Each structure stands twice: as C-alpha cells, then as structure tokens.
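# Secondary and tertiary structure notes
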Amino acid sequence: MNCPYCGFHDSKVVDSRDVNDGIRRRRECLSCSSRFTTYERLQPASLFVIKKDERREEFNRDKLLTGIRKACEKRPLPTGTVDKLADDIETKLYHLGRSEVPSAVIGDMVMDRLKDLDHVAYIRYASVYREFADITALKQEVDTLVGSEVSASLPTSQLPLLPDDRLGELARSRRRGEKSGRRKTNAKTGSRR
Ligand SMILES: [Zn+2]
C-alpha cells in the first residue's frame, strides 16, 4: 500500500478497528509521516447482474460508480458523496444474499438515493436509466420532483420573515443606541472624520 501523498511503499499501523464487514486501519507513512486510512474487506462471492436482455454480467463496482459520478458531475455535493453512495449500494446488494440481481433493482436503489441527494443528478440518472420515451415522460418525472420539493420546503418558507424582523429590530435598537450611547458612537465616527 503506497502512501497517497508521497508514494512511499511502507507504512506503520497506528490504529486498527473492526467496522461493519471489515477492518479499518489508520496508517502512517514511514517516509513523510502523513496519515491515511485503509480498509480490509472480505472479497464477497461473485454477484451477477441480470441485464434487460437477460444477459448476465458480473457486478462491477466501477461501472456503478461511473454511472453515479456522471449523474453528479458538477453538482454541489461534498467530496466523497459519490463513493459513499456506491459503497452503500454495493453493501446493500451483497446483503441481499443473492447470486443474481436484476439491473433494475440496482437502478432503483441509485435513484432512491439520488432523489434525496440532488434532484438534477436524479433526473440525469433517470434519463439514462429509465430511457424516458419522450419529453412528456421526462416532464412528469420533473413535475413529481418539483411537487415534492414545494411541499418539503413549505414549513421553512416562513423562515425568511424571522431574519427580516431581527434586522428591523436591530436597526431600531441601533437607532436607540445612538441616542443613549452617543459618546461611544462619536468616538468611533470621530476617528474616521
Ligand atoms: Zn508519504
């Protein structure tokens, strides 16, 4: 395992703990002393994906990752979000305990997660995966999303009133403060003049 910072080939383990299905190791590079994390996981029994045309293809995490990454391209998502999503879905798939999983099941899992994460990414993914037959089908999907977005943001739509009120109050108290604490204000503005 080469150091991701300087490429040195040796490191020491500074911490090790069990996580879910594996072991997480905190390592320190013996050359530059940078710290990084490695995971040791059991290679699960192979899992096959049943394609739409009934062909079987071995599950490929990179392929899953590429699809999600494309959908999330240039979206304002925190670093690591895409990898985490792929990890979660991979784990979930193996936990199904089946040797074959229809590609539709995987697609639905991804869409489920993207729907909560980023609507643009969701629509992008859906447009590839669902192959919207026409613009009407796409519009329906977008309308559904917009509908859920509006209802989800309703309770918070009243929030902007609060800061405005506070601003007004602040302005009023500042005006009051000008009268009572004139000496202070003058000292400040006086230095500027
Ligand atoms: Zn290093």
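Just above, that's the structure.
These numbers were taken from a predicted model, which means no experiment stands behind them.

### Some points on the overall build of the protein
- Each helix and strand counted, the protein has 7 helices and 6 strands in total.
- Mapped from its N terminus to its C terminus, the protein presents α and β elements in the order β-β-β-β-β-α-α-β-α-α-α-α-α.
- In the protein, buried positions account for 22% of the 193 residues.
- A separation threshold of at least 6 residues defines the contact pool for the protein, and within that pool the share at least 24 residues apart is 40%.
- Per element, the accessible surface of the protein, about 14300 Å² overall, is 51% carbon and sulfur.

### Considering unusual backbone geometry
- The backbone of Ser-33 sits at a positive phi, close to 65°, despite the residue not being glycine.
- Structurally, Ser-33 can be placed in the loop between β2 (22-29) and β3 (35-41).
- The backbone of Lys-74 sits at a positive phi, close to 60°, despite the residue not being glycine.

### So, the environment of Thr-37
- Tracing the backbone shows Thr-37 in strand β3.
- When the C-alpha positions of Thr-37 and Ser-16 are compared, they lie 9.6 Å apart, and in sequence the two are 21 residues distant.
- Other than its neighbours up to four places away in sequence, Thr-37 contacts Arg-24, Arg-25 and Arg-26.
- Polar contacts involving the side chain of Thr-37 include one to the side chain of Arg-26, which spans 2.6 Å.

### Digging into the sheet that holds strand β5 (residues 56-58)
- If you walk across this open sheet you meet the 3 strands as β5-β4-β6, and the pairing is mixed. In this open sheet, the two edge strands, each paired with only one partner strand, are β5 and β6 (100-102). Neighbour to neighbour, the strand axes of the sheet diverge by 35° on average, direction disregarded.
- This element, helix α3 (residues 103-117), spans β4 (48-50) and β6 of the sheet and lies at about 65° to β6.

### Examining α3
- If you check α3, its first and last C-alpha atoms are 21 Å apart, about what 15 residues at 1.5 Å a residue would give, namely 21 Å.
- For α3, the set of buried residues is Ile-106, Gly-107, Met-109, Val-110, Met-111 and Leu-114.
- Tucked inside the fold, the buried residues of α3 contact β4, α1 (61-72), α2 (81-95), β6 and α4 (119-129).

### Some words on α4
- Turning to α4, its buried residues are Ala-121, Tyr-122, Ile-123, Tyr-125, Ala-126 and Tyr-129.
- Positioned one or two residues after α4, Glu-131 has a phi angle of 50°, which is positive.

### What to know about the coordination of the zinc ion
- At the metal site, the zinc ion is ligated by Cys-3 (SG), Cys-6 (SG), Cys-29 (SG) and Cys-32 (SG), and these contacts range over 2.2 to 2.4 Å.
- For the zinc ion, the 4 donor atoms in the first shell make angles of 106 to 113° at the metal, so the coordination geometry reads as tetrahedral.
- Of note, the donors binding the zinc ion are all from one chain and are spaced C-x2-C-x22-C-x2-C.
- What makes Cys-29 buried here is its relative accessible area of 1%.
- Residue classification places Cys-32 among the partly exposed residues on the basis of a relative accessible area of 34%.

Parameters at a glance
Numbers given to residues run from 1 along each chain, matching the order in which its sequence is written. Per-residue local features are limited, in this predicted model, to residues with pLDDT of at least 70; the limit for side-chain atom pairs, both in listing and counting, is 80 or more; totals at the level of whole chains, interfaces and linings are taken over all residues. Hydrogens and water are ignored here; the side-chain numbers use all heavy atoms of the structure. We count a stretch as a helix when DSSP gives it H or I for four or more residues in a row; a strand needs E for two or more, and each element gets its number in order from the N terminus. Relative accessibility thresholds used throughout: buried, under 20% of the residue-type maximum; exposed, over 50%; partly exposed, between the two (1.4 Å probe, protein chains only). Note on definitions: a residue-residue contact is assigned when non-hydrogen atoms from the two residues lie within 4.5 Å. Every accessible area reported is derived by Shrake-Rupley at a probe size of 1.4 Å, with residue values counting cover from the shown protein chains alone. What qualifies as a polar contact is a pair of N or O atoms within 3.5 Å, subject to a donor-acceptor requirement within protein and to the restriction that residues adjacent in sequence count only when both atoms come from side chains. Between any two strands, pairing holds if DSSP finds at least two bridges. Each axis is a line fitted through C-alpha atoms, and for a helix only the stretch in contact is used; angles between axes span 0 to 180 degrees, taken between their N-to-C directions. Multiplying 1.5 Å by the residue count of a helix minus one yields the expected span of that helix. The rule for donors is simple: an N, O or S atom within 2.8 Å of the metal counts, and for Na, K and Ca the reach is 3.2 Å. Water is not among the atoms, so a site may look short of donors. Only two sets of limits are used to name each site, 85 to 135 degrees for every angle of a tetrahedral four-donor site, and over 155 degrees for opposite donors with all other angles from 65 to 115 for a square planar four-donor or octahedral six-donor site, with any other site named irregular.

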